[in-house]
Amino acid sequence: MNIDLINKAELKHNLTKAELISILQDNSINSELFKAADRVRKKYLGDEVHLRGIIEFSNNCKRDCLYCGLRVSNKNIKRYRLKAEEIVNLANRAVSYGYRSIVLQSGEDEYYNLDMLKYIIKNIKSMGVAVTLSLGEKSFAEYKYYREAGADRYLLRIETTDRELYDSLDPGMLHENRKMCLESLKKLGYEVGTGNLVGLPNQTIESIAEDILFFKKMDADMIGLGPFIANEDTPLKKFSKDNFWMSIKVMSLVRLLLPNINIPATTAMESLNKNGRIIALQSGANVVMPNITEGEYRKLYAIYPGKICVNETPNQCFNCIIGKIGSIGRVVSKGLGSRRK
Ligand code: 5AD
Ligand code: FES
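Parameters at a glance
- Residues numbered from 1 in each chain as written.
- Chains lettered and ligands numbered in written order.
- Predicted model: local features only at pLDDT ≥ 70, side-chain atom pairs only at ≥ 80, totals over all residues.
- Heavy atoms only, no water.
- Helix = DSSP H or I, 4+ residues; strand = E, 2+ residues; numbered from the N terminus.
- Buried < 20%, exposed > 50% of the residue type's maximum accessible area, 1.4 Å probe, protein only.
- Polar contact = N/O pair within 3.5 Å; in protein donor to acceptor, adjacent residues only side chain to side chain.
- Pairing = 2+ DSSP bridges.
- Phe/Tyr/Trp six-rings, centres within 6.5 Å; stacked < 30°, edge-to-face > 60°.
- Lys NZ or Arg CZ within 6 Å of the ring centre and 35° of its normal.
- Contact = heavy atoms within 4.5 Å.
- Axes fitted to C-alpha atoms, helices over the stretch in contact; angles between N-to-C directions.
- Parallel < 35°, antiparallel > 145°, perpendicular 65-115°, else oblique.
- Left-handed = near helix turned anticlockwise from the far one by under 90°.
- Nonpolar A, V, L, I, M, F, W, Y, C, P; charged D, E, K, R; others polar.
- Near = heavy atom within 4 Å.
- Areas by Shrake-Rupley, 256 points an atom, 1.4 Å probe, with all protein chains shown as cover.

**Student:** Quick one: what's the story with the environment of Y80, residue by residue and with numbers?
**Tutor:** As for its position among the elements, Y80 is in the loop between β2 (53-58) and α4 (84-97). Y80 sits in the buried class, given a relative accessible area of 6%. Along the chain, Y80 and Y297 lie 217 residues apart, while their C-alpha atoms are 7.3 Å from each other. A distance of 2.6 Å separates a polar side-chain atom of Y80 from the backbone oxygen of E56.

**Student:** Please provide a residue-by-residue account of the pairing of strand β6 (residues 191-194), values included.
**Tutor:** Residues E191 and G193 line one face of β6 and the alternating positions V192 and T194 line the opposite face, and both faces are buried. With 3 bridges joining them, strand β5 (residues 153-155) and β6 adopt parallel strand pairing. When the bridges of β6 are listed, L155 appears paired with G193. Across 2 bridges, the pairing between β6 and strand β8 (residues 222-223) is parallel. Looking at β8, one finds that T194 is bridged to I223.

**Student:** Any details on the packing of aromatic side chains? Residues and values, ideally.
**Tutor:** Considering all chains together, one arrives at 10 aromatic pairs under this definition. Geometrically, the ring pair formed by F57 and Y112 is edge-to-face, given 4.8 Å between the ring centres and 85° between the ring planes. One end of the pair, F57, is in strand β2; the other, Y112, is in the loop between β3 (101-106) and α5 (114-125), with 55 residues separating them in the sequence. What makes F57 buried here is its relative accessible area of 2%. Considering the side-chain rings of F214 and F215, the 6.3 Å spacing of their centres and the 65° angle between planes classify their relative orientation as edge-to-face. We classify F214 as buried; its relative accessible area is 19%. These aromatic residues form a ring-pair network of at least three members: F34, F244 and W245. Of note, R147 hangs over the ring of Y190, and the distance from its end group to the ring centre comes to 5.5 Å.

**Student:** An account of the environment of G335 is requested, with residue identities and associated values reported.
**Tutor:** Checked against the element boundaries, G335 lands in the segment after β12 (331-332). Note on G335: relative accessible area 33%, which makes it partly exposed. Considered as a pair, G335 and K249 are 86 residues apart in the sequence and their alpha carbons are 28 Å apart. Beyond its immediate chain neighbours, meaning those up to four positions away, G335 contacts H50 and R100.

**Student:** Which residues make up the packing of helix α2 (residues 17-25) against helix α9 (residues 205-218), and what are the values?
**Tutor:** Across the interface, α2 lies against α9 with an axial gap of 9 Å and an inter-helix angle of 120°. For the element pair α2 / α9, the angle class is oblique. α9 is crossed by α2, and the crossing has right-handed handedness. Along the contact surface, α2 presents K17, L20, I21, L24 and Q25, while α9 presents I205, E206, I208, A209, E210, I212 and L213. Along the lines of polarity and charge, the residues of the contact of α2 with α9 split into 8 nonpolar, 1 polar and 3 charged.

**Student:** Describe the sheet that holds β6, and please don't skip the residues or the numbers.
**Tutor:** Strand order in the open sheet formed by 6 strands is β2-β3-β4-β5-β6-β8, and the pairing between neighbours is parallel. Each of the sheet's edge strands pairs with one partner strand only, and the pair in question is β2 and β8.

**Student:** Break down the site of ligand 1 for me, with residues and values.
**Tutor:** In the vicinity of ligand 1, the contacting residues are Y67, C68, Q105, R157, E159, L197, P227, F228, I229, I303 and Y304. Take Y67: an N or O atom from its main chain is 2.8 Å from a nitrogen atom of ligand 1. One nitrogen or oxygen atom from the main chain of I229 is found 2.8 Å from a nitrogen atom belonging to ligand 1. In isolation ligand 1 offers 410 Å² of accessible surface; the protein chains occlude 87% of this area. Partitioning the shell around ligand 1 into residue classes produces 8 nonpolar, 1 polar and 2 charged.

Structural data, given as structure tokens:
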């Protein structure tokens, strides 16, 4: 019985591939699954929610992933790059609201060289906050340089552990290299976040089960995952499907197997369901990553359509999310929000 499997996972934090598949295929036990993940979150991490302010500083990308609106072949998007100083200023404003953790994300953009990134990282680190990078695949030497400049954490989603699927969706990229990047980041002492897309065309339940086992095996410190949302400006525009609940199921299972890691309620979830982040926070998540980019750039970082908060200001989002977190009896953490060991 799948209920028994959920109970077992809640106690032992282990499931086999066959067991994961069995739960993923059964929608009659969803609310039991979500409640179990919520209990595990509470037992290991308490009621604190960590906020990370995310700066989407460049939407230029040299890659061509079929699912992503930032892909280099997309000519329907206006590209932008923030100057190093602007990035530091955005972080500074976020820290003045109360953020203790800043995430710097961009497409794979070679414009930002080592010196510029060092300047940005050092200046933000000096504000006494945790710095997370999400810049894609780089060399070991580059990761080492950022680390020495003060970066604490790195996010790089594996996207899918299904090599064939990866090869078909990420032309010119090597699955082996992505895994090697994750290993390099671990070796360099970063807290490492990864994750997957849920509902990709031709993605099987089996491969999603493998993704979850991969997260467990690599002992990721953070797992950010979300529903695939078809983007009109990409070759996958015809594959529109509502992957919201499936992504919540996958997230809940990740919480059962990795009880003490950080799991964000992701923006893509809220883009498909107006209560998406609250549902996620009540199904295993303990982190929210509000956008702290300002102005038109919020719209232009158009990975997928329907992205929330494109017309809000960072301050509005900060107040909004604090209200939502309070409304479900949770509290905003005042700490840096490292993985609790
Ligand atoms: N829908 C949802 N998420 C997407 N991402 C890329 N394209 C899409 C899409 N169409 C995710 C990838 C990437 C992250 C920054 O955005 O998982 O790692
Ligand atoms: Fe942006 Fe609610 S978090 S408006």
